[in-house]
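Listed below, chain by chain, are the residues.
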Amino acid sequence: MAALALFIFIGPRAAAQDDKVFRAVTPAAVEATLKDLKIEFKKATSKKGDEHYFDFQRETYRIRLTHFSPQELMLDCVFRGLPVEKVNQWNTVTKLARASWHKDSTGEFSILEYGLDISGGATAGTIKQFITRFEDELKKYDKFLGANLTQDVILAQVTNDALENIFKTQ
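Residues numbered from 1 in each chain as written. Predicted model: local features only at pLDDT ≥ 70, side-chain atom pairs only at ≥ 80, totals over all residues. Heavy atoms only, no water.

A.B. asks: When you look at the pairing of strand β5 (residues 98–104) in this model, what are you seeing that I'm missing?
C.D. replies: Successive residues of a regular strand alternate their side chains across the two faces of the sheet. Looking at chain direction, β5 and strand β6 (residues 107–117) are connected through seven bridges and run antiparallel. Bridge pairing in β6 places K103 opposite E108. Two successive antiparallel strands, β5 and β6, enclose a turn made up of two residues. (Pairing = 2+ DSSP bridges. Helix = DSSP H or I, 4+ residues; strand = E, 2+ residues; numbered from the N terminus.)

Following this line, the structure appears as structure tokens:
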């Protein structure tokens, strides 16, 4: 039993730095976290100097991490060519990330956003999981967009031939 108690005591001490709870994060800390995750990024600062932007790529996704304040972080990614109905449909089935619809001179697009409020406390692991989870959300959103490019057809009457065709395409 003493050996077990010793293991439990030593384990958390070894990871103590990652488990330290903080209620604010600096742009330098965000930078260090990205480097720790081996993410290459470009850093920019707003004209006022109060917001910091970290742009990076993961697979085919161009992501921006915005440091709004020491307590507020947000990840976002732009997706082109999406009707507002699909954005609303996504927002009814998702749990964490939200999409918003926009239109500019190039056409319609959506932005997938994922925010983190650390004012109640967070660890370095929380920030790392925030970034990793967003990558998962991007893949789900991308899959959702691809799966919804075709229009669903409502059949008033289902014949044997219609059923056979449906099963052939699955």
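A.B. asks: Even after reading the chapter, I still don't get the side chain of D76, so can you show me in this structure?
C.D. replies: Here D76 lies in strand β4 (residues 72–80). We note that D76 is buried and unpaired, the nearest opposite charge coming from R64 at a distance of 5.7 Å. Apart from residues no more than four positions distant in its own chain, D76 is found in contact with R62, I63, R64, T66, I111, L112, E113 and F134. (Buried < 20%, exposed > 50% of the residue type's maximum accessible area, 1.4 Å probe, protein only. Lys, Arg positive; Asp, Glu negative; His and termini not counted. Salt bridge = Lys/Arg side-chain N within 4 Å of Asp/Glu carboxyl O. Contact = heavy atoms within 4.5 Å.)

A.B. asks: Is there a simple way to explain the pattern of salt bridges in this structure?
C.D. replies: Close approach of charged atoms allows side chains of opposite charge to pair. According to the stated counting rule, one finds nine salt bridges in the structure shown. In this structure, R64 engages D55 in a salt bridge whose closest nitrogen and oxygen atoms are separated by 2.7 Å. Given the relative accessible area of 30%, R64 is considered partly exposed. For D55, a relative accessible area of 27% gives the class partly exposed. With a shortest N-O distance of 3.3 Å, R133 and E137 are connected by a salt bridge. Of this pair, R133 and E137 both sit in helix α5 (residues 124–147), four residues apart, which is roughly one turn of that helix. By relative accessible area, R133 is classed as partly exposed at 26%. Accessibility expressed as a relative area gives 3% for E137, which makes it buried. Through salt bridges with shared partners, a single network forms among E31, K35 and K43.

A.B. asks: Is there a simple way to explain the sheet that holds strand β2 (residues 52–58) in this structure?
C.D. replies: Note: strands within a sheet are paired through backbone hydrogen bonds, in either parallel or antiparallel orientation. The strand order across the open sheet formed by six strands is β1-β2-β3-β4-β6-β5, and the pairing between neighbours is antiparallel. Sheet topology places β1 (41–45) and β5 at the edges, where each strand pairs with a single neighbour. Within this sheet the neighbouring strands show an average axis-to-axis angle of 25°, counted without direction. Direction of pairing for strand β3 (residues 61–69) relative to β4: antiparallel, over a ladder of six bridges. (Axes fitted to C-alpha atoms, helices over the stretch in contact; angles between N-to-C directions.)

No statement about biological role is implied by the geometric values presented.
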